[in-house]
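Now for the letters of each chain:
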Amino acid sequence: MENTIAAIATPLGVGAIAIIRVSGIDAISIVNKIFKGKDLNKVESHTINYGHIIENDKIIDEVLVSVMKAPKTYTKEDIVEINTHGGIATTNKVLELLLKNGCVPAEPGEFTKRSFLNGRIDLEEAEGIMNLIEAKTETALNLSINQLSGKVSKKIKNLRDDISKIIANIEVNIDYPEYEDIEKMTYDMLIPKIKEIKDKINKILEDSKSGKIITEGIKTSIIGRPNVGKSSILNAMLEEDKAIVTDIEGTTRDIVEGKINIGGFILNMIDTAGIRKTEDIVEKIGVNKSLKLIENSDLILYVLNNNEELKQEDLELIQKLKNKNHIIIINKVDLENKLDTSLLNSEYIIKMSIKENKGLEELKQMIKDIFNLEKIELSDMTYVTSARSIAILKQIKESINDIETSIKNNLPIDIIEIDIKNIWDKLGEIIGVSYENELIDVLFSQFCLGK
Ligand code: GDP
């Protein structure tokens, strides 16, 4: 990397100190130009140096400057961190001086990107750092720490190692037929191996759903006809958790968003209850829009009034919930029952009375059960969470299906090998490595060829 980058690393505002971070080949010499104190070009690595930032002999701030020389740094480049006394004006001034003297402003995430490009961390770990910065709950924080420590990468690496052994075996059979003591890869050997890889990929993909829940929360919509008690239910849930309700900008309280914390997991409520009471919600937003909401949510809470008969539109919408995570809430059970529950045909039904404070705990428990939240909490938190990695894993799944078809059709193993290599490459993409040389290494190390 030729550029030396600089950025304010702490949140901008009035604080006790602010840190400006500089990374790159000229980091030390550029900071030295605006620093009065020891000659930074001559100080030892990993030292903190007292002095002043100056502009034309005028003191801008009294500072502590950390000098960390490559390669034992975050980016594997020379890094200098300037600790100023905070304050927006001073911090900006120091950054401005750095830019004047040859630094370029860092793009968001560029320090981490350099860390990856310079080989200190892999892509999964880089994404872990990004998640750490954005972690909203403690569970999400734990997940990102695991990602950071390379647990996810390790899972992928292990899988990749398994595959490289298969490839190496096939290649040895083809390229070195004279090594007769090496077993020939046959369909019978290949089929269980491919099945095992498929199961592992499926497991990672299945687990990634939990990862998504941890980092992004459960997108929840609460729908039903007016006056069934949607707002009351939402408020009751919010009140218990003292969550914040925010109006979505640009709407006049039509849709309200709330975040509810259920055992460390965030329920992102999209509440159509705010839609004006005098109008019929299903009519106003239309069955089509309700369907869209149903489609785009991770969880639907469909609210009915125990004191009213079911309407055709309710039945139509409930029909659509079948293949979605949903809970049908029959509210107002304190009133006379007029609703025929036998028509509902769902195992996820909660009877509730907000008036008598009944059913809320059951509702929360059912949500936990549907998403297996208690199990997620207890497991080891090694989930692939980035959309990029998940997309690649889905491609891999398709490649595996292709391989299975090829085997069924008796295609030659060296043709099938192309697809196997493709999977190995794609796994490499997830963690950001993909070198043919690696394969050669396995080939030689596993079978000691050419010794
Ligand atoms: P929404 O239009 O679906 O959001 O319904 P609201 O939450 O505004 O409730 C409509 C009316 O039903 C209000 O007067 C509530 O006080 C009342 N309500 C809500 N839940 C219950 C309940 O469990 N029992 C009874 N009897 N009334 C309820």
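Cut-offs used in this document
- Residues numbered from 1 in each chain as written.
- Predicted model: local features only at pLDDT ≥ 70, side-chain atom pairs only at ≥ 80, totals over all residues.
- Heavy atoms only, no water.
- Pairing = 2+ DSSP bridges.
- Helix = DSSP H or I, 4+ residues; strand = E, 2+ residues; numbered from the N terminus.
- Core = buried A, V, L, I, M, F, W, Y, C linked by side-chain atoms within 4.5 Å.
- Buried < 20%, exposed > 50% of the residue type's maximum accessible area, 1.4 Å probe, protein only.
- Contact = heavy atoms within 4.5 Å.
- Phe/Tyr/Trp six-rings, centres within 6.5 Å; stacked < 30°, edge-to-face > 60°.
- Lys NZ or Arg CZ within 6 Å of the ring centre and 35° of its normal.
- Near = heavy atom within 4 Å.
- Polar contact = N/O pair within 3.5 Å; in protein donor to acceptor, adjacent residues only side chain to side chain.
- Areas by Shrake-Rupley, 256 points an atom, 1.4 Å probe, with all protein chains shown as cover.
- Nonpolar A, V, L, I, M, F, W, Y, C, P; charged D, E, K, R; others polar.
- Expected span 1.5 Å × (residues − 1).
- Axes fitted to C-alpha atoms, helices over the stretch in contact; angles between N-to-C directions.
- Parallel < 35°, antiparallel > 145°, perpendicular 65-115°, else oblique.
- Left-handed = near helix turned anticlockwise from the far one by under 90°.

Chemist: What's the story with the sheet that holds strand β1 (residues 5-8) in this structure? I'm lost.
Modeler: Strand pairing in a sheet relies on backbone hydrogen bonds, with the paired strands running either antiparallel or parallel. Pairing is mixed in the open sheet, where seven strands are placed in the order β3-β4-β5-β6-β2-β1-β7. Unpaired on one side and paired on the other, β3 (35-37) and β7 (104-105) mark the two borders of the sheet. As paired strands, β1 and β7 are joined by two bridges and run parallel to one another. Residue pairing across strands places I5 opposite V104, the latter belonging to β7.

Chemist: When you look at the nonpolar core in this model, what are you seeing that I'm missing?
Modeler: Most often, soluble globular proteins have nonpolar side chains that are buried together. Of all hydrophobic cores here, the largest spans 31 residues; its most connected members are I163, L190, I201, L393, I396, I420 and L427. Those elements that provide at least two residues to this core are α6 (151-175), α7 (187-216), α13 (387-408) and α14 (413-431). Counting residues per element, this core draws most heavily on α14, at eight residues. Setting aside residues up to four positions removed in sequence, I201 forms contacts with L159, L393, I396, I400 and L427. Counting residues in each nonpolar core, the second largest holds 30 residues, with L267, L301, M366 and Y383 among its members.

Chemist: Quick question: what am I supposed to make of the packing of aromatic side chains here?
Modeler: Between two aromatic rings, the relevant description is the distance of the centres plus the angle of the planes. Evaluated as defined, the whole model comprises zero aromatic pairs. Its guanidinium or amino end placed over the ring of F111, R21 lies 5.2 Å from that ring's centre, counting from NZ or CZ. For the cation-ring pair, R160 lies above W424, with the distance from its terminal atom to the ring centre recorded as 4.1 Å.

Chemist: What exactly am I supposed to notice about the pairing of strand β2 (residues 18-23) here?
Modeler: Successive residues of a regular strand alternate their side chains across the two faces of the sheet. As paired elements, β1 and β2 share four bridges and run antiparallel to each other. Within β2, the position partnered with I5 by the bridge is S23. Looking at chain direction, β2 and strand β6 (residues 79-84) are connected through six bridges and run antiparallel. In the sheet register, R21 faces β6, and the bridge partner there is E81.

Chemist: Please explain the site of the ligand as it appears in this structure.
Modeler: In the neighbourhood of the ligand, 17 residues make up the surrounding shell, with N227, S231, S232, D334 and I354 lying closest. Contacts to the ligand include D334, whose side-chain N or O atom sits 2.8 Å from a nitrogen atom. Within the backbone of I354, one N or O atom sits 2.8 Å away from an oxygen atom of the ligand. Contact with the protein chains hides 76% of the accessible area of the ligand, taken as 580 Å² for the molecule alone. Tallying contributions element by element places helix α8 (residues 230-241) first for the shell around the ligand, with three residues. Its residues assigned to classes, the shell around the ligand shows five nonpolar, six polar and six charged.

Chemist: Would you take a moment to explain unusual backbone geometry for this structure?
Modeler: With glycine set apart, most residues show a phi of negative sign, and most peptide bonds adopt trans. Between A70 and P71 the backbone carries a cis peptide bond, its omega angle lying at 5 degrees. Its place among the elements puts P71 in the loop between β5 (58-68) and β6. The phi dihedral of D57 falls on the positive side, at around 70 degrees, and the residue is not glycine. Among the structural elements, D57 can be located in the loop between β4 (47-55) and β5. For D57, a relative accessible area of 67% gives the class exposed.

Chemist: Which parts of the structure should I look at to understand α14?
Modeler: Since the α-helix packs 3.6 residues into each turn, any two residues three or four apart lie on the same face. Spanning 19 residues, α14 covers 27 Å between terminal C-alpha atoms, matching the ideal 27 Å at 1.5 Å per step. Along α14, the residues classified as buried are I413, I416, E417, I420, I423, W424, K426, L427, G428, I430 and I431.

Chemist: Quick question: what am I supposed to make of the packing of α6 against α14 here?
Modeler: For any two helices packed against each other, the geometry is given by the interaxial angle and the distance between the axes. At a minimum axis distance of 9 Å, the contact between α6 and α14 shows a crossing angle of 155 degrees. Judged on the interaxial angle alone, α14 and α6 are roughly antiparallel. For the pair α6 and α14, the sense of crossing is left-handed. Contacts between α6 and α14 involve S153, I156, K157, L159, R160, I163, S164, I166, I167, I170, E171 and I174 on the former and, on the latter, I413, D414, E417, I420, K421, I423, W424, L427, G428, I430 and I431. Considering only residue class, the contact of α6 with α14 consists of 14 nonpolar, three polar and six charged.

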